[in-house]
Structures are given as C-alpha cells and as structure tokens.
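Residues per chain, in single letters:
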There are 2 protein chains.
Amino acid sequence: MLRYGHRSARDFRVTSHCALVARAFGAEQIIICGAQDNDLAKSIEKVTKNWGGTFKTSFSESWQKEIKKYKESGFFAVHLTMFGLPVNKAMPKIRKQKKVLIIIGSQKVERNVYEHADANVSITLQPHSEISALAVFLDRFFDGNFMTKKFPQSKIHLKPQLKGKGVLSNTD
Amino acid sequence: MLRYGHRSARDFRVTSHCALVARAFGAEQIIICGAQDNDLAKSIEKVTKNWGGTFKTSFSESWQKEIKKYKESGFFAVHLTMFGLPVNKAMPKIRKQKKVLIIIGSQKVERNVYEHADANVSITLQPHSEISALAVFLDRFFDGNFMTKKFPQSKIHLKPQLKGKGVLSNTD
C-alpha cells in the first residue's frame, strides 16, 4: 500500500490513521512517499509490537519509482480516488490479480498518478477521506474477513463487550 | 452522528474527514462536541453546497446532554470503539432500530461513554481510526448503498473514469 504526499508534522495523524487502517484491514505494508518521519514509523511499529502481526512501514522519496518498481514485478496498481470507477464495478477484475498495490493520496494529487495506475477506483463518488476509502476498499477486497484475521505474537488482545472495556494480555 | 472531543486547530482535519464520511455514507447530520469551530462548519457546508444533499453540522458543549436528549427521543446510541462487540454480531439488532445515534470519539475517550451507549461496537478489534470505523459501520448499516445514493441539488458531479478526471457541472 502506497501513501504519497506525507509532510511530517502536518500529516502525522492522517498518515498514522492510514497506516493503522492498512494494518487492521489486512495490508502487508505501507510505503510512505514524502518526508522521512521517524516518529511516525516508531508509532506504527509500537502498535505492531503490541498488537501483533508483521505489518511493515517504509519511506520513499519518489512515488513514481515505487509504482514503476511494483508494476514491473507484477503488481496491479489501484489508485483510490473519487474520480475513478465505482468500486463495485472495478472489484471483480481487481480480485483476479495476485498482487495489488493500493495507492492513496493526500490533499494534492498529481495528475500523473491517474495515468500510472492500472485502475482508478472510487468509493462513493463523493469527497470524503483517504482513510475511509482505504478501509472500505480493503473490507470489500478481503470480503469482510477483518473480524477473524489473526495477528500472531500480539501482547494484548481484546475481549469484546457490550459495555465497558475488556483488555487481556496474552498471558491471561 | 456525534463526534466528541473536537479541539479546533489540532483536530480540524480529522473531524473534517469524519463529517465528510458521515455525509458521503448516508448520515443525516454531525453534532460536534467540543470547541465551536466556525471554519470547520463553513468547510463542510461548502462541500454540501457544491456536492448536494442536506447534511447538517452543529456544535454542542456537552456530549452527555446530547446523548441523553437523543436517547430520550427514541434513538439507539451506538458507540464505535475497538472494545465493543464485533460489528457483524451487533448489526442485526442495530438494523431493527428506527433511529440510530452513532458516537465516535477522538484520542481520549471518557469511560462514561461506554456506559451511556446502548451498544459499543467494534470494527476489527484492532486500533485504527474513527474515520474508517465510521465508514465501515455506515457501509454495513446501509448495506453498501452509498454508490447509488442521491445528493439532490448538487452543483457538480463526477463522471467515473478508469483513468483521468471527469468532472461535470450540473448544466453539462
């Protein structure tokens, strides 16, 4: 999953949310194109350390280079944008791909991204958020399996409750 | 839909995303509990003016007061939190309700919210984002009808495209 246009301080929270969504909904890694942001990387790694799984975070100076590299190694590049094809129409073709690179932007999207992507895909045809677009896309792509997804080697996990908070450590 | 814990400058983007998600995925209004933020209200109203529909934004000083008011007028209060019941299990009961108040928090959640809610509901049992939780909840609640939802009196609408941007005004 590729996030382009990260500026350290200003985008910290939104990019963090993107990374956590990617992890929780089943993506393997996030590549952040923009400012190298060690605080952000540490924050995401801390979540993975506590909550399990093998989610990876890395940075790149060039989204063009990354998209080219992934496409050359067989990835199908899906750019999430409100200008794209409706997700329901686009999904059958995307599901047939073995390897998918999801691209989400920030507020300013360079025109070229639309051309580099194999498919531009829209969630709602309305303005909302790259965070929600990513979540709904991954939910559809993995057919809602996020509730049963396992995150190996988690230190903590939750005991779902109608009211209150139930947190268990893995030694409970 | 109720968002609690808004601080003007710091939360502008995240609360904006929450509001736009609420609108795009079919909620009727957002009540923001926390700082009165006229810039935020204007920004959301501008989207509704251009993109149509009747989405409303308002502010309140007290989430307790709002929840009490809505519950007393027959609303079922659903708090989205990773500590809650899995969305798939909780949804059948929620779907039977005529009026639903969705509550989403910010980084610090007061313990009382868990008690005031009729149901605490979790999307993924993992940490991610209130923005994604809201989107996935509304997607499930409305059974994915966001792609066909109409926003009356929009000034612009999109022409979905595999590549490039297609924007039409309503006079085209």
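Residues numbered from 1 in each chain as written. Chains lettered and ligands numbered in written order. Predicted model: local features only at pLDDT ≥ 70, side-chain atom pairs only at ≥ 80, totals over all residues. Heavy atoms only, no water.

(A) Quick peek at unusual backbone geometry. Residues and elements named next belong to chain A. Positive phi is not limited to glycine here, since Leu125 has a value of about 60°. Structurally, Leu125 can be placed in the loop between strand E6 (119-122) and helix H6 (130-141). On the basis of relative accessible area, Leu125 is assigned to the buried category, the value being 18%. (Helix = DSSP H or I, 4+ residues; strand = E, 2+ residues; numbered from the N terminus. Buried < 20%, exposed > 50% of the residue type's maximum accessible area, 1.4 Å probe, protein only.)

(B) Broad picture of the pattern of salt bridges. The tally for this structure, following the rule as stated, stands at 14 salt bridges over all chains. Where Arg3 of chain A meets Glu130 of chain A, a salt bridge forms, and the shortest distance between an N and an O atom there is 2.9 Å. Linking Arg3 of chain A in strand E1 (residues 2-6) with Glu130 of chain A in helix H6, this pair joins segments that are 127 residues apart in sequence. Lys71 of chain B is the partner of Asp118 of chain B in a salt bridge, and the nearest nitrogen-oxygen pair spans 3.6 Å. In this pair, Asp118 of chain B is assigned in the loop between helix H5 (111-116) and strand E6 (119-122) and Lys71 of chain B in helix H3 (residues 63-72), connecting sequence segments 47 residues apart. (Salt bridge = Lys/Arg side-chain N within 4 Å of Asp/Glu carboxyl O.)

(C) Representation of the relation of the copies chain B and chain A. Least-squares fitting of chain B to chain A yields an RMSD of 0.0 Å, with the superposition described by an axial translation of 0.0 Å and a rotation of 180°. Here the copies are linked by what is in effect a two-fold axis. Scanning chain B for the C-alpha nearest the rotation axis identifies Ser132 of chain B, at a separation of 2.2 Å. Comparing interface residues between copies, 100% of those in chain B also lie at the interface in chain A; the contact surface is shared. (Least-squares fit on C-alpha atoms with pLDDT ≥ 70 in both. Contact = heavy atoms within 4.5 Å.)

(D) Spatial organisation of the pairing of strand E5 (residues 100-104) of chain A. All names here are of chain A. A large share of E5 lies buried, amounting to 5 of its 5 residues. What you see with E5 is no split at all: Val100, Ile102 and Ile104 on one side and Leu101 and Ile103 on the other are buried throughout. Relative to E5, E1 runs parallel, the two being bridged by 2 bridges. What sits directly across from Arg3, in E5, is Ile104. Direction of pairing for strand E4 (residues 76-86) relative to E5: parallel, over a ladder of 4 bridges. In the sheet register, Phe76 faces E5, and the bridge partner there is Val100. Of the crossover connections in this fold, the one passing from E4 over helix H4 (residues 87-95) to the parallel E5 is right-handed. (Pairing = 2+ DSSP bridges. Right-handed = clockwise from strand over helix to strand, strands pointing away.)

(E) Here's a closer look at helix H1 (residues 8-24) of chain B. Residue and element names in this part refer to chain B. When the terminal C-alpha atoms of H1 are compared, their 22 Å separation across 17 residues agrees well with the 24 Å that a helix rising 1.5 Å per residue should span. Its maximal kink placed at Val14, H1 deviates by approximately 35°. With respect to burial, H1 is a largely interior element, 13 of its 17 residues being buried. Following H1 by one or two positions, Gly26 has its phi on the positive side, about 110°. (Expected span 1.5 Å × (residues − 1). Bend = angle between axes of the 7 residues up to and from the residue.)

(F) View of the interface of chain B and chain A. Chain B puts 58 residues into the contact, and the matching count from chain A is 58 residues. Across the interface of chain B and chain A, roughly 5200 Å² is buried in total on both sides, 63% from carbon and sulfur atoms. Scanning the region where chain B abuts chain A turns up 4 salt bridges. The interface formed by chain B and chain A includes 20 residue pairs in polar contact (both at pLDDT 80 or more). Of all the secondary structure elements, the ones that give two or more residues to the side of chain B that touches chain A are H1, helix H2 (38-51), strand E4 (76-86), helix H4 (87-95), H5, E6 and helix H6 (130-141) of chain B. Looking at the side of chain B that touches chain A, the element that brings in the most residues is H1 of chain B, giving 9 residues. Residue composition of the side of chain B that touches chain A, grouped by class: 28 nonpolar, 15 polar and 15 charged. (Buried area = accessible area lost by both parts, 1.4 Å probe. Polar contact = N/O pair within 3.5 Å; in protein donor to acceptor, adjacent residues only side chain to side chain. Nonpolar A, V, L, I, M, F, W, Y, C, P; charged D, E, K, R; others polar.)

(G) Focus on the sheet that holds E5 of chain A. Residues and elements named next belong to chain A. Read from one edge of the open sheet, 6 strands run E3-E2-E1-E5-E4-E6, paired in parallel fashion. The open sheet has two edge strands with one neighbour each: strand E3 (56-60) and E6. Shown here is a sheet whose adjacent strand axes are inclined to one another by a mean of 30°, direction ignored. The sheet contact formed by E1 and strand E2 (residues 29-34) spans 4 bridges and is parallel. In the strand pairing of E2, Arg3 is matched with Ile32. Sitting on the sheet, H4 touches E4, E5 and E6, and the angle it makes with E4 is about 165°. (Axes fitted to C-alpha atoms, helices over the stretch in contact; angles between N-to-C directions.)

(H) Quick peek at the pairing of strand E3 (residues 56-60) of chain B. Where strand E2 (residues 29-34) of chain B meets E3 of chain B, 5 bridges bridge the pair, whose relative direction is parallel. Across the sheet, the residue bridging to Cys33 of chain B is Ser60 of chain B, located in E3 of chain B.

(I) View of the sheet that holds E3 of chain B. Residues and elements named next belong to chain B. The parallel open sheet is built from 6 strands, whose spatial order is E3-E2-E1-E5-E4-E6. Edge positions in the sheet fall to E3 and E6, since each of these pairs with one other strand and no more. Across the sheet, the axes of successive neighbouring strands diverge by a mean angle of 30°, strand direction being ignored. Judged from the 5 bridges that link them, E4 and E6 form a sheet pairing that is parallel.

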